[in-house]
Amino acid sequence: MPETTLLNSQRPPLFCPGCSHDSVLKVLDKVFVNMGLAANQICMVSDIGCSGLFDTFFNTHAFHGVHGRALTYATAMKLCRPELNVVVTMGDGGLGIGGAHVLSACRRNADITLLVLNNFNFGMTGGQCSATTPQDAVVGSGFLNRLDLPLDLQKVARAAGAPYVAVASTYQKDLGAILREAIEYKGFSVVEIQGLCPGRYTKRNQISPKSIAEEIAPAQEFNGEVKENVRPDYGQAYRAQAAAQRKVPRPAGLQALYKPPQEDGRQTVMLLGAAGQRAITAGELAGMAGLLAGLQVTQKNEYNITVLRGPSITELIFSATPIDYTGITQPDVVLALAPEGVERRYGVFAQLPSQTLVIRAAGVELPETRAQVETVDFKALGLNKLDWALGSLAVMAKMNKVISREMLQAALEARFRGKVLEASNQVVDKVYAGAA
Amino acid sequence: MALTLMEGNEAIAWGAFDAGCQFFAGYPITPATSIYSAMLQLLPPEGGIVLQGEDEIASMGYCLGASMCGHKALTATSGPGISLYSEHISFAIGSEIPLVIVNVQRLGPSTGSATRGADGDIQFMRWSNTGGLPAIVLAPVDAADCYTLTIHAFNLSERFRCPVFIASNKEIGLTRESVDFDALEKPALVERVVAPEGQPYLPFRPSPDSEVPYFLPIGGERISRQTSSTHGENGYITTSPAEISAQIERLERKLVSAVDSYSFHEADLSAGADTLVLTYGVSARAARQAVNELRGKGQAVSLAVLKTLWPVPTALLRQLAQGHKRVLVVEMNLGQYSREVQRVLTGHEVQHVGQMDGVLIKPSQIKEAVHA
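Computed from a prediction, not measured in an experiment: that's the story for all the values here.

### Details of the overall build of chain B
Moving on, step 1. In terms of helices and strands, chain B carries twelve helices and 15 strands.
Moving on, step 2. Over its C-alpha atoms chain B spans a radius of gyration of 21 Å, differing by no more than 12% from the 21 Å that the globule rule assigns to 372 residues.
Moving on, step 3. If one aligns the C-alpha atoms of chain B with their principal axes, the spans along those axes are about 65 × 45 × 40 Å.
Moving on, step 4. Counting only residues that meet the buried cut, chain B has 65% of its 372 residues in that class.
Moving on, step 5. Taking the contacts inside chain B whose residues are at least 6 apart along the sequence as the reference set, 76% of them involve residues at least 24 apart.
Moving on, step 6. For chain B, the accessible area works out to roughly 12,300 Å², and carbon and sulfur atoms hold 51% of it.

### What to know about the interface of chain B and chain A
Moving on, step 1. Across the contact, 72 residues belong to chain B and 69 residues belong to chain A.
Moving on, step 2. The interface formed by chain B and chain A contains seven salt bridges.
Moving on, step 3. For the pair chain B and chain A, the number of links is 34 residue pairs in polar contact (both at pLDDT 80 or more).
Moving on, step 4. Looking at the side of chain B that touches chain A, the element that brings in the most residues is helix H3 (residues 56–68) of chain B, giving eight residues.
Moving on, step 5. In terms of residue class, the side of chain B that touches chain A is built from 34 nonpolar, 22 polar and 16 charged.

### A look at the sheet that holds strand E1 (residues 2–7) of chain B
Hydrogen bonds between backbone groups are what pair the strands of a sheet, and the pairing can be parallel or antiparallel.
Moving on, step 1. A sheet is described by the order of its strands in space; here nine strands give the open sequence E8(A)-E1(B)-E8(B)-E10(A)-E11(A)-E9(A)-E12(A)-E13(A)-E14(A), paired in mixed fashion. Each edge of the sheet is formed by a strand with only one pairing partner; in this case those strands are strand E8 (254–255) and strand E14 (372–376) of chain A.
Moving on, step 2. Direction of pairing for strand E12 (residues 333–336) of chain A relative to strand E13 (residues 357–361) of chain A: parallel, over a ladder of four bridges. From the neighbouring strand, A:Val334 faces E13(A), where its bridge partner is A:Val358.

### Points about H3(B)
All names here are of chain B.
Moving on, step 1. If you check H3, its first and last C-alpha atoms are 19 Å apart, about what 13 residues at 1.5 Å a residue would give, namely 18 Å.
Moving on, step 2. Among the 13 residues that make up H3, 13 are buried, leaving the element largely enclosed by the rest of the structure.
Moving on, step 3. A distance of 3.1 Å separates the backbone nitrogen of Ile-57 from a side-chain oxygen at the start of H3, and that oxygen is part of Asp-55.
Moving on, step 4. Immediately downstream of H3, the backbone of Gly-70 shows phi near 105 degrees, a positive value.

### Some points on the domain arrangement of chain B
All names here are of chain B.
Moving on, step 1. When the domains of chain B are assigned, the result is domain 1 (1–262) and domain 2 (266–371).
Moving on, step 2. Between domain 1 and domain 2, the residue contacts involve 30 residues of the former and 27 residues of the latter.
Moving on, step 3. Roughly 2,300 Å² of surface becomes buried between domain 1 and domain 2 when both sides are summed, with 59% attributable to carbon and sulfur atoms.
Moving on, step 4. Three residues stand out in domain 1 for area buried against domain 2, namely Asp-119, Gln-123 and Val-141, and they jointly supply 27% of the buried area on that side.
Moving on, step 5. Counting the contacts that link domain 1 with domain 2 gives two salt bridges.

### Quick word on the packing of aromatic side chains
Moving on, step 1. Scanning all chains against the criterion turns up 17 aromatic pairs over all chains.
Moving on, step 2. Judged by centre distance (5.5 Å) and plane angle (65 degrees), the rings of A:Phe63 and B:Phe91 are edge-to-face. Of this pair, A:Phe63 sits in strand E2 (residues 61–64) while B:Phe91 sits in helix H4 (residues 79–94), each in a different chain.
Moving on, step 3. For B:Phe91, a relative accessible area of 3% corresponds to the buried category.
Moving on, step 4. Seen in terms of ring centroids, B:Phe24 and B:Tyr36 are 6.0 Å apart; in terms of plane orientation they differ by 10 degrees. Their pairing is stacked. A residue pair is termed long-range when its members are at least 10 positions apart, and B:Phe24 in strand E2 (residues 23–26) and B:Tyr36 in helix H2 (residues 33–42) qualify at twelve residues. For the residue pair B:Phe24 and B:Tyr36, the accessibility class agrees, reading buried in each case.
Moving on, step 5. Seen from the ring of B:Phe215, B:Arg192 lies directly overhead, with NZ or CZ sitting 4.6 Å from the centre.

### Topic: helix H9 (residues 234–243) of chain A
Moving on, step 1. Those residues of H9(A) that sit buried are A:Gly235, A:Tyr238 and A:Ala242. Axial view of H9(A): buried residues confined to an arc of 65 degrees, hence all on one face. Counted as exposed and oriented over 90 degrees from the buried face of H9(A): A:Ala240, A:Gln241 and A:Ala243.
Moving on, step 2. Contact partners of the buried residues in H9(A): helix H3 (70–80) of chain A together with strand E3 (49–52) of chain B.
Moving on, step 3. Its side-chain oxygen at 3.1 Å from the backbone nitrogen of A:Gly235, A:Asp233 defines the N-terminal cap of H9(A).

### Observations regarding the pattern of salt bridges
Moving on, step 1. Tallying each qualifying case throughout the model produces 35 salt bridges over all chains.
Moving on, step 2. For A:Asp111, the salt bridge identified is with A:Lys78, shortest N-O distance 3.8 Å. Linking A:Asp111 in the loop between helix H5 (99–108) and strand E4 (113–118) with A:Lys78 in helix H3, this pair joins segments that are 33 residues apart in sequence. Take A:Asp111 and A:Lys78: they sit in the same class, and that class is buried.
Moving on, step 3. B:Glu266 is the salt-bridge partner of B:Lys307, the closest N and O atoms lying 2.5 Å from each other.

### Focus: the sheet that holds strand E14 (residues 326–331) of chain B
All names here are of chain B.
Moving on, step 1. What the five strands build is an open sheet, ordered E10-E12-E11-E14-E15; its pairing is mixed. Each end of this open sheet is capped by a strand with a single partner; those strands are strand E10 (265–268) and strand E15 (349–354). Neighbour-to-neighbour, the strand axes of the sheet open up by a mean angle of 20 degrees, direction not taken into account.
Moving on, step 2. Two strands pair when backbone bridges link them, and strand E11 (residues 275–280) and strand E12 (residues 302–306) are joined in this way by five bridges, in the parallel orientation. What sits directly across from Thr-279, in E12, is Val-305.
Moving on, step 3. Sheet strands in contact with helix H12 (residues 363–371) are E11, E14 and E15, and its direction is about 160 degrees off that of E14.

### So, the nonpolar core
Moving on, step 1. Ranked by size, the top nonpolar core spans 154 residues in total, and within it A:Val45, A:Phe63, B:Phe23, B:Met39, B:Leu74, B:Val277 and B:Leu278 carry the most contacts.
Moving on, step 2. For this core, the element with the most residues is helix H6 (residues 143–160) of chain B, which contributes nine residues.
Moving on, step 3. Here this core spans two domains, and each of domain 1 (1–262) and domain 2 (266–371) of chain B adds at least three residues to it.
Moving on, step 4. Beyond its immediate stretch of four places on either side in the chain, B:Val277 contacts B:Ala287, B:Val291, B:Val301, B:Ser302, B:Leu303, B:Ala304, B:Leu328, B:Val330, B:Ile366 and B:Val370.

### Focus: the side chain of B:Ser283
Moving on, step 1. Mapped onto the elements of the fold, B:Ser283 is located in helix H9 (residues 283–296).
Moving on, step 2. For B:Ser283, the contacting residues outside a window of four places in its chain are B:Asp119, B:Val330, B:Glu331, B:Met332, B:Ile361 and B:Ile366.

### Structural notes on unusual backbone geometry
Moving on, step 1. With an omega of 0 degrees, the peptide bond running from B:Thr30 to B:Pro31 counts as cis.
Moving on, step 2. Within the secondary structure, B:Pro31 sits in the loop between E2 and H2.
Moving on, step 3. Unlike most non-glycine residues, A:Asn400 shows phi in positive territory, near 55 degrees.
Moving on, step 4. Considering the arrangement of structural elements, one finds A:Asn400 in the loop between helix H13 (388–398) and helix H14 (405–415).
Moving on, step 5. A residue is classified by how much of its surface remains accessible, and A:Asn400, at 42% relative accessible area, is partly exposed.

### Let's talk about the pairing of E12(A)
All names here are of chain A.
Moving on, step 1. Residues Val-333 and Leu-335 point to one face of E12 and Val-334 and Ala-336 to the other, with burial holding for every one of them.
Moving on, step 2. When strand E9 (residues 266–274) meets E12, the two strands line up parallel, connected through four bridges. Across the sheet, residue Leu-272 finds its bridge partner in E12, namely Ala-336.

### As for the environment of A:Ala100
Moving on, step 1. Its place among the elements puts A:Ala100 in helix H5.
Moving on, step 2. Taking the C-alpha atoms as reference points, A:Ala100 and A:Arg69, separated by 31 residues in sequence, lie 9.4 Å from one another.
Moving on, step 3. Apart from the residues lying within four places of it in its own chain, the contact partners of A:Ala100 are B:Glu54 and B:Asp55.

### Quick look at the packing of H3(B) against H4(B)
Residues and elements named next belong to chain B.
Moving on, step 1. At a closest axis distance of 8 Å, the pairing of H3 and H4 adopts a crossing angle of 30 degrees. For the element pair H3 / H4, the angle class is roughly parallel. Seen along the crossing, H3 lies across H4 with a hand that is right-handed. In this structure, H3 contributes Glu-56, Ile-57, Ser-59, Met-60, Gly-61 and Leu-64 to the contact, and H4 contributes Gly-81, Leu-84, Tyr-85, His-88, Ile-89, Phe-91 and Ala-92.
Moving on, step 2. Considering only residue class, the contact of H3 with H4 consists of eight nonpolar, four polar and one charged.

The rules we used
- Residues numbered from 1 in each chain as written.
- Chains lettered and ligands numbered in written order.
- Predicted model: local features only at pLDDT ≥ 70, side-chain atom pairs only at ≥ 80, totals over all residues.
- Heavy atoms only, no water.
- Helix = DSSP H or I, 4+ residues; strand = E, 2+ residues; numbered from the N terminus.
- Rg over C-alpha atoms; globule rule 2.2 N^0.38 Å.
- Buried < 20%, exposed > 50% of the residue type's maximum accessible area, 1.4 Å probe, protein only.
- Contact = heavy atoms within 4.5 Å.
- Areas by Shrake-Rupley, 256 points an atom, 1.4 Å probe, with all protein chains shown as cover.
- Salt bridge = Lys/Arg side-chain N within 4 Å of Asp/Glu carboxyl O.
- Polar contact = N/O pair within 3.5 Å; in protein donor to acceptor, adjacent residues only side chain to side chain.
- Nonpolar A, V, L, I, M, F, W, Y, C, P; charged D, E, K, R; others polar.
- Pairing = 2+ DSSP bridges.
- Expected span 1.5 Å × (residues − 1).
- Domains from an automatic or database assignment.
- Buried area = accessible area lost by both parts, 1.4 Å probe.
- Phe/Tyr/Trp six-rings, centres within 6.5 Å; stacked < 30°, edge-to-face > 60°.
- Lys NZ or Arg CZ within 6 Å of the ring centre and 35° of its normal.
- Arc of directions from axis to C-beta.
- Axes fitted to C-alpha atoms, helices over the stretch in contact; angles between N-to-C directions.
- Core = buried A, V, L, I, M, F, W, Y, C linked by side-chain atoms within 4.5 Å.
- Parallel < 35°, antiparallel > 145°, perpendicular 65-115°, else oblique.
- Left-handed = near helix turned anticlockwise from the far one by under 90°.

Shown next as structure tokens:
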């Protein structure tokens, strides 16, 4: 047998005498009953304030959260439980606090319903101004509400992409019909319901059901579906997109197929480049080359948050035994490809022993060092600056230091396909064809 | 053996995936973004959900909604994001919502340095909720730990119905290393216990012989009620001091009394050593190297690596410290966990070794501290 009410017999409604919320609660209950919904087909989601009592007063699934954030819970619930009717109640306080979520919900278009119970002030805390308080109202925030323009939710929601927007009065006879249309609407529906707050607002301000009706009459002409915002709801669209995504294979790993040039002990490489040189990718390739020789590898990176500017440094350790500390103080090989990277590790050069190999890109100035410096003119080899980092790996391989050509080649084949692989191979070929 | 080059963040995503995570919401932030990117690759093709929140507050809100619908949920951020998560962390703790929160720490305070590592949020994660109730914080050392501890984190969040933090660090999250992926330790999965049928459901009454309530998902057959407000067993607001204290003390007790069962750690103790090097996170790697080098020169030194930081594994700390005169706490901050060690090990000399300059603590610094 269908329910005659979904209100909570254990927690009967309790609002201030004359509170508009009490009327909305009862209208909403009737709507649910008329729609034939069972208690477990609905979740009432609310936050803080008098509108936050709705979840308690309904005997349905209920979620009461922190101020202004109800839309976030509701959105996720609808995605996780597509069959559930998710109805959010929020006050004008929560509307202001959670403004970003309101905008986002409009843009997102999850199939949920937002009821903003607008009584023009923060009732529970003493009638301070909210985002919807008129400038000429007398409220608990002194003169401050005279300075801010009240938010027009209808305009904002329409502009932000909500496909169903309505403004209503608590006291209009057909409020139930509007609420039902909103709940049944497939997509994000917003209804602003204006009403009286006898506890805080009506004592000092001229407002009545009649004045509300007059005030909202022009806006009500736009109630209903917003044609330009009509589109599939988020859940539907999400599921379609997700189903088209390809599954990611589990990491298969690289088998050790080669012998490293230096078989025992540990080798450390410091690549000092600049953003845009693909230094981090080159580090990954060198690391993969190490794996292909059965070595343990760590790759520690350093770069600024700015994109395409500043130093880009990658530090690699290759070892036959497990690697603990990932830092490098005395690298075996330094690839000095850009002044930005060299400057960031300036202090390292003075400490380098004579057996360290520094591969320097022509034109990059180095601090004083005892290390063995090999200069490579990448430009003369016909390499674009983007490829210098990969080119420097090829130089290392050509000198049979840390990685071999076959290790590098296999790493490229494991990492790249098609045109990228072809272009990468050409970089290696150019280095090998060069004079150095 | 086939090795994969994997960064800590990626290992966390795979750990979450293998733990049965079905929901991720996050907001891009260096150095945590690659967890979001990886989850976006992993979950949608398997029917899971990934949302990019409009901000961090929303991301946590999405996770709470999803978790209450019965999904295992994950979010990932860095220190600035944890600040914004805070109100929802309190909600998750107080209202017993399972959730895993990854904090890939970066150098603070505030915006700080996005691409520099630190362990500066260790106390912050513990105290990031209003009310000061405990949270579980696990600290990985490397990519392998990132994988395994993430599964443990999901298990603990399901078992205790609480948020669990992974205290990672830029130096773990964005450092790639060789991993034998198929050989990684994969703990058996634990799921939240659904309320038995045929009896009235009280959402916050602990199940028999337990400190943790049964779970009912929102949207399920039976009605489920959730609230961020102070509540009694029935999930309604209460003003009864007896009901309030029963609930709140249980929230503390359920985690603290069981910590011995999840005090993850590595102990590498040396007989006759005066000094115990006690550490966690990425600093454990320098400490291992330092201790090995010292031992190579004939010096007896003990090493312990904590992987459960909160609640403080008090019994474990006492057991590890036994027989040592001095405990050196090595951490990438100005002495946050040292405070806890000092508090617990009152009979020991406790010294802090650390720094906050975005640079890893070097093995040589630890060796010097041992010699000092």
